[in-house]
Amino acid sequence: MTDRSKILLSSPHLGGHEQKFVQTAFDTNWIAPLGPNVDGFESDLQDYSGVPHAAVLASGTAAIHLALIILGVKQYDEVLVSTFTFSGSVNPIIYQGGVPIMVDSEPETWNMSPEHLENAIVDRLTKTGNVPKALILVHLYGMPAKLDEIIEVCKKYEIPIIEDAAEALGSSYKNRKLGSFGDMSIYSFNGNKIITTSGGGALLSNNEEWIKRSRFLATQARDNYVHYEHSAIGYNYRMSNVVAGIGRGQMLVLDDWVEKRRTINSFYRQLLEGLDGVEFLVEPNNDYFSNHWLSALVIDESSLGLDRERIRLHLLADNIESRPLWKPMHMQPIFSHFPYYGDRLSERLFHNGLCLPSGSNLGDPEMHRIEKSLNRLLLKG
Ligand SMILES: *Cc1c(COP(=O)(O)O)cnc(C)c1O
């Protein structure tokens, strides 16, 4: 009997250790946005990433928001950001009243192009007399961006980097974990990410003062008095000790989940890479190690003889979810009036690209169903 239940793009995958930490929180009555699981999860993330200071928070978006506040981004300040990303990378710039300067991708990693980045900086300098206040650099689908080149450009113009590694926990570049390259870095533990706490995020930095500041701001900016005293605007952005227990359990399986997603990626490549008009997002060389959070490909319609939507709808008819590549931020109605630099590569990726089911909890029966479905359309077999 075949199970026809829906195969999802990326769904939560618990490892069996999570409830133990959550139960301890209940048993000890640490049901609050502080406690041993919060401390323990922060220390796990520090050990894993090699970054000495981490604060766990309500979401990845909250982590980016606090990073911008700590870097002093205020109204009308310009902030560079990858256009090929999810809106959570850009919204916090608007929370601060800032101006997103969107930079397009390069073809190898699909992440921010160092050339377009430098063009953007030079043009902003010419037009406004200032370089942007910060850069939010995204590693989409787990693929490391061209870090050496981007870091060199940012050093030259003294622009701090916020590394958005929301999709890239477990990836590395030149044997160093992503999330350890930014002046500040963020992870997300939303339900669809490589590990999840049901919802959550983290901010990391080598700068201890910044991380202390983020914890202060994330807990309503309470000054050190017996009564409630405030000299700054605070936020309620801290992660709860219950949720952090899920995170501690998930850290025990993170490397296994990375391996599983990489196996799924190899599976798709073996199945489809021979086809004319199918091109996968792959690591350019051995400096790049992707967690392959989502397996992504682009279709050349004229070579393959069908377009992306045809494949997506075919899979959907077999109860298999896939999704177009992310719609670039400069194409979004809410952001389209902000400055954009690039050659529209991300637009072509959006129109022709597809993410395939990549969850670490996909078993052999599911992979077999996906294989049969793709074969029926693409190999006519
Ligand atoms: C998920 C995601 C975010 C936001 O993280 P949340 O925890 O959902 O707030 C930011 N940037 C990217 C690239 C993401 O994929």
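Residues numbered from 1 in each chain as written. Predicted model: local features only at pLDDT ≥ 70, side-chain atom pairs only at ≥ 80, totals over all residues. Heavy atoms only, no water.

**Concerning the packing of aromatic side chains**
Alright, step 1. Using the criterion set out here, one finds eight aromatic pairs in the structure.
Alright, step 2. Centre to centre, the rings of Y141 and W326 are 5.0 Å apart; their planes meet at 70°, and the pair counts as edge-to-face. Of this pair, Y141 sits in the loop between β4 (134–138) and α6 (147–157) while W326 sits in the loop between β13 (323–324) and β14 (340–341), and the two are 185 residues apart along the sequence.
Alright, step 3. Among the residues examined, Y141 registers a relative accessible area of 1% and is labelled buried.
Alright, step 4. For W326, a relative accessible area of 11% gives the class buried.
Alright, step 5. Ring geometry for F267 against Y268: centres 5.5 Å apart, planes inclined by 65°, an arrangement best described as edge-to-face. (Phe/Tyr/Trp six-rings, centres within 6.5 Å; stacked < 30°, edge-to-face > 60°. Helix = DSSP H or I, 4+ residues; strand = E, 2+ residues; numbered from the N terminus. Buried < 20%, exposed > 50% of the residue type's maximum accessible area, 1.4 Å probe, protein only.)

**With respect to the pattern of salt bridges**
Alright, step 1. This model, assessed by the stated rule, comprises 18 salt bridges.
Alright, step 2. Where E347 meets R344, a salt bridge forms, and the shortest distance between an N and an O atom there is 2.6 Å.
Alright, step 3. According to the relative accessible area criterion, R344 is partly exposed, its value standing at 40%.
Alright, step 4. Linked by salt bridges that have partners in common, E42, R215 and R238 make up one network. (Salt bridge = Lys/Arg side-chain N within 4 Å of Asp/Glu carboxyl O.)

**What to know about the environment of G170**
Alright, step 1. Among the structural elements, G170 can be located in the loop between β5 (161–164) and β6 (172–173).
Alright, step 2. Judged by its relative accessible area of 6%, G170 is buried.
Alright, step 3. Discounting residues that sit within four places of it in the chain, G170 has contacts with Y48, K177, V258, F289 and N291. (Contact = heavy atoms within 4.5 Å.)

**Observations concerning the packing of helix α9 (residues 254–272) against helix α13 (residues 364–379)**
Alright, step 1. Between α9 and α13, the shortest axis-to-axis distance is 11 Å and the interhelical angle comes to 25°. In terms of axis orientation, α9 runs roughly parallel to α13. Crossing of α9 over α13 shows right-handed handedness. Contact with α9, carried on its side by I264, F267, Y268, L271 and L272, involves M367, I370, E371, L374, N375 and L378 of α13 and no other residues of that element.
Alright, step 2. Tallied by class, residues from the contact of α9 with α13 come to nine nonpolar, one polar and one charged. (Axes fitted to C-alpha atoms, helices over the stretch in contact; angles between N-to-C directions. Parallel < 35°, antiparallel > 145°, perpendicular 65-115°, else oblique. Left-handed = near helix turned anticlockwise from the far one by under 90°. Nonpolar A, V, L, I, M, F, W, Y, C, P; charged D, E, K, R; others polar.)

**Focus: unusual backbone geometry**
As a rule of thumb, non-glycine residues mostly have phi less than zero, and peptide bonds are mostly trans rather than cis.
Alright, step 1. Of note in the backbone geometry, N175 takes a positive phi value of approximately 65° without being a glycine.
Alright, step 2. The residue N175 is located in the loop between β6 and β7 (176–177) in this model.
Alright, step 3. Although it is not a glycine, A221 adopts a positive phi angle of roughly 50°.
Alright, step 4. A221 gets classed as buried once you look at its relative accessible area, which sits at 0%.

**A short note on the pairing of strand β3 (residues 99–103)**
Alright, step 1. The element β3 is largely enclosed, with a buried count of five among its five residues.
Alright, step 2. Residues of β3 alternate between two faces, with V99, I101 and V103 on one and P100 and M102 on the opposite face, all of them buried.
Alright, step 3. For strand β2 (residues 78–82) and β3, the ladder comprises five bridges, and the chain directions are parallel. Within β3, the position partnered with V81 by the bridge is M102. (Pairing = 2+ DSSP bridges.)

**Comments concerning the environment of A244**
Alright, step 1. Tracing the chain through its elements places A244 in helix α8 (residues 241–251).
Alright, step 2. Between the C-alpha atom of A244 and that of V38, which follows or precedes it by 206 residues, the distance is 5.3 Å.
Alright, step 3. Filtering out sequence-adjacent residues up to four positions away, A244 remains in contact with N37, V38, F41 and M239.

**Focus on the environment of D256**
Alright, step 1. Residue placement: D256 occurs in helix α9.
Alright, step 2. With relative accessibility at 45%, the residue D256 sits in the partly exposed group.
Alright, step 3. Sequence-wise, D256 and E158 are 98 residues apart; in three dimensions their C-alpha atoms are separated by 38 Å.

**With respect to α6**
Alright, step 1. Listing the buried residues of α6 in full gives L147, I150, I151, V153, C154 and Y157. Taken end-on, α6 shows its buried residues confined to a sector of 160°, consistent with a single buried face. In α6, the exposed positions angled more than 90 degrees off the buried face are occupied by E152, K155 and K156.
Alright, step 2. Positive backbone phi, at 55°, marks E158, one or two positions downstream of α6. (Arc of directions from axis to C-beta.)

**Here we look at the pairing of β2**
Alright, step 1. Burial runs high along β2: five of the five residues are buried.
Alright, step 2. Neither face of β2 is exposed, since E78, L80 and S82 on one face and V79 and V81 on the opposite face are all buried.
Alright, step 3. Note: β2 against β4, three bridges, orientation parallel. Along β4, the bridge assignment pairs V79 with A134.

**Focus: the side chain of D223**
Alright, step 1. With respect to the helices and strands, the residue D223 is situated in the loop between α7 (208–218) and α8.
Alright, step 2. Lacking a salt bridge, the buried D223 has R213 as its closest oppositely charged neighbour, with an N-O distance of 6.7 Å.
Alright, step 3. Of the polar contacts made by the side chain of D223, one reaches the side chain of S231; its length is 2.7 Å. (Lys, Arg positive; Asp, Glu negative; His and termini not counted. Polar contact = N/O pair within 3.5 Å; in protein donor to acceptor, adjacent residues only side chain to side chain.)

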